[in-house]
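Residue-level listing of the chains:
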Amino acid sequence: EELYAANRFKEGLEAAKVKLKADPGDSDLSWLVARFMFEIAETFERDDKSIDKEAFYEEMLAIANAGLETSPDDPHIRFARGIAAGRLGTTRGVLSSLWSAKGIEQDWLFTANSGFRYSSINGAEQIPCDTYQGLGIYYRLVPDSFIVQMLAGTRGSIDKSEEFLTKANNNCPNRIATMKELAVTKMCKAGKKDEALMEEAKSIINAYLRLPAADEKDEIDQRHGRTLLATPGIACGYSRDGQQDLDTKDLEK
């Protein structure tokens, strides 16, 4: 926890893996390892050749699944598993990974509705805030279409996305990542039709651009915020690790 709060993610991952190998039955170590892995991978773009992101997230997913064998109803591990599966999905492409969509949704809804409360030392990870944020991103990136419902057993919803991200921002205000995702969803929802909502989204981005960055992810989100202000049309398919193609025409064929 102290290494996580100090943003010493590589050192923390090494220490947590050593402890997990020595005591594989300690379920807390599963989400600690998974969390360090997420933080490390999040600073790499999807197409960065210096890291095999698919293999990295597959390992993260396997560690979470192993932890759930010991503690099947642990909300923290289920949250971590959803993150691993979600990032594996955005790495491969959302439309190529619809088979995993229902499981991600179930894991995050389980955690969000479990009553579980957690905050890391520095507040960088907070549950349920982060779970609400994950669900908000999920419901924006999963297309809201009948064909997706048929294939995945679930579908996206821009209204649900806005609802969950508003909830996350209200519960944990002034967090750059949360404000960014809320602004992205409002931009996506506004499109070219709702000028007032688009201006609200831009005002949220401008507000978080004035906040101090706490880590490298915040710096990325501020850089992406300036890109979103310049090109709001990318909002619906926006993901920190790379733009997503959400056109379902090929699925329909």
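The structure contained in this document is the topic of the report that follows.

What about the overall build of the chain?
On a plain count of helices and strands, the chain comes out with 13 helices and two strands. For a compact globule of 253 residues, the expected C-alpha radius of gyration is about 18 Å, and the chain comes in at 18 Å, within 12% of that figure. Its C-alpha atoms put the chain at 55 × 45 × 40 Å along the principal axes. Counting the 253 residues in the chain, one finds 53% classified as buried. A total of about 12000 Å² of accessible surface is found on the chain, and carbon and sulfur atoms cover 51% of it. One way to put it: in the chain the 33 positive side-chain charges average out to a point 3 Å from where the 42 negative ones average out.

A look at a nonpolar patch on the surface
Judged by side-chain polarity, Phe146, Met150 and Leu151 come together as a nonpolar surface patch covering roughly 370 Å² of accessible area. Assignment of secondary structure puts Phe146 in helix H8 (residues 146-152). Under the relative-accessibility criterion, Phe146 is labelled exposed at 58%.

Brief notes about the nonpolar core
Among the nonpolar cores identified, the biggest contains 49 residues, and Val33, Met37, Met60, Trp108 and Tyr138 are the most heavily contacted of them. Put simply, the parts of the chain that give this core at least two residues each are helix H2 (9-22), helix H3 (27-41), helix H4 (53-70), helix H5 (75-92), helix H6 (101-112), helix H7 (129-141), H8 and helix H9 (158-171). If one sorts the elements of this core by residue count, H3 sits on top with 10 residues. Ignoring anything within four residues of it in the chain, the contact list for Tyr138 reads Ala101, Lys102, Ile104, Glu105, Trp108 and Thr154. In this structure, Leu165, Ile176, Met187 and Ala190 belong to the second largest nonpolar core, which totals 18 residues.

Structural notes on the state of the cysteines
Here is the idea: a disulfide is a covalent bond, and it sits between the sulfur atoms of two cysteines. One pass over the full model with this rule turns up two disulfides. With its sulfur 1.9 Å from that of its partner, Cys129 forms a disulfide with Cys172. With the S-S bond torsion at 80 degrees, the cross-link from Cys129 to Cys172 turns out right-handed. Separated by 43 residues along the polypeptide, Cys129 in helix H7 and Cys172 in the loop between H9 and helix H10 (176-190) bring together distant segments of the chain. Each member of the pair, Cys129 together with Cys172, is buried. Two residues, Cys188 and Cys236, share a disulfide whose sulfurs are 2.1 Å apart. For the disulfide bridge between Cys188 and Cys236, the dihedral angle about the S-S bond is near 100 degrees, and by the sign convention the bridge is right-handed. Placement of the pair is Cys188 in helix H10 and Cys236 in the loop between helix H12 (216-230) and helix H13 (249-252), with a sequence separation of 48 residues. The class for Cys236 is partly exposed, based on a relative accessible area of 32%. If you count the bonded cysteines of the chain from the N-terminus, they pair up as 1-2, 3-4.

Some points on H9
With 14 residues, H9 should reach 20 Å at 1.5 Å per residue; the first-to-last C-alpha distance of 20 Å fits that figure. Taken together, the buried positions of H9 are Ser161, Glu162, Phe164, Leu165, Ala168 and Asn169.

A few points about the pattern of salt bridges
Applying the stated criterion to the full structure yields 24 salt bridges. A salt bridge links Glu181 to Lys180; its shortest N-O distance comes to 3.0 Å. The class of Glu181 is buried, set by a relative accessible area of 5%. Accessibility expressed as a relative area gives 0% for Lys180, which makes it buried. Linked through salt bridges whose partners overlap, the residues forming this network are Glu42, Arg87, Arg140, Lys180, Glu181, Asp221, Arg240 and Asp241.

Reading guide: rules and limits
Residues numbered from 1 in each chain as written. Predicted model: local features only at pLDDT ≥ 70, side-chain atom pairs only at ≥ 80, totals over all residues. Heavy atoms only, no water. Helix = DSSP H or I, 4+ residues; strand = E, 2+ residues; numbered from the N terminus. Rg over C-alpha atoms; globule rule 2.2 N^0.38 Å. Buried < 20%, exposed > 50% of the residue type's maximum accessible area, 1.4 Å probe, protein only. Areas by Shrake-Rupley, 256 points an atom, 1.4 Å probe, with all protein chains shown as cover. Lys, Arg positive; Asp, Glu negative; His and termini not counted. Charge placed at Lys NZ, Arg CZ, Asp CG, Glu CD. Patch = residues over 30% accessible without salt bridge, like charges linked within 9 Å, V, L, I, M, F, W, Y side chains within 5 Å. Salt bridge = Lys/Arg side-chain N within 4 Å of Asp/Glu carboxyl O. Core = buried A, V, L, I, M, F, W, Y, C linked by side-chain atoms within 4.5 Å. Contact = heavy atoms within 4.5 Å. Disulfide = S-S within 2.5 Å. Expected span 1.5 Å × (residues − 1).

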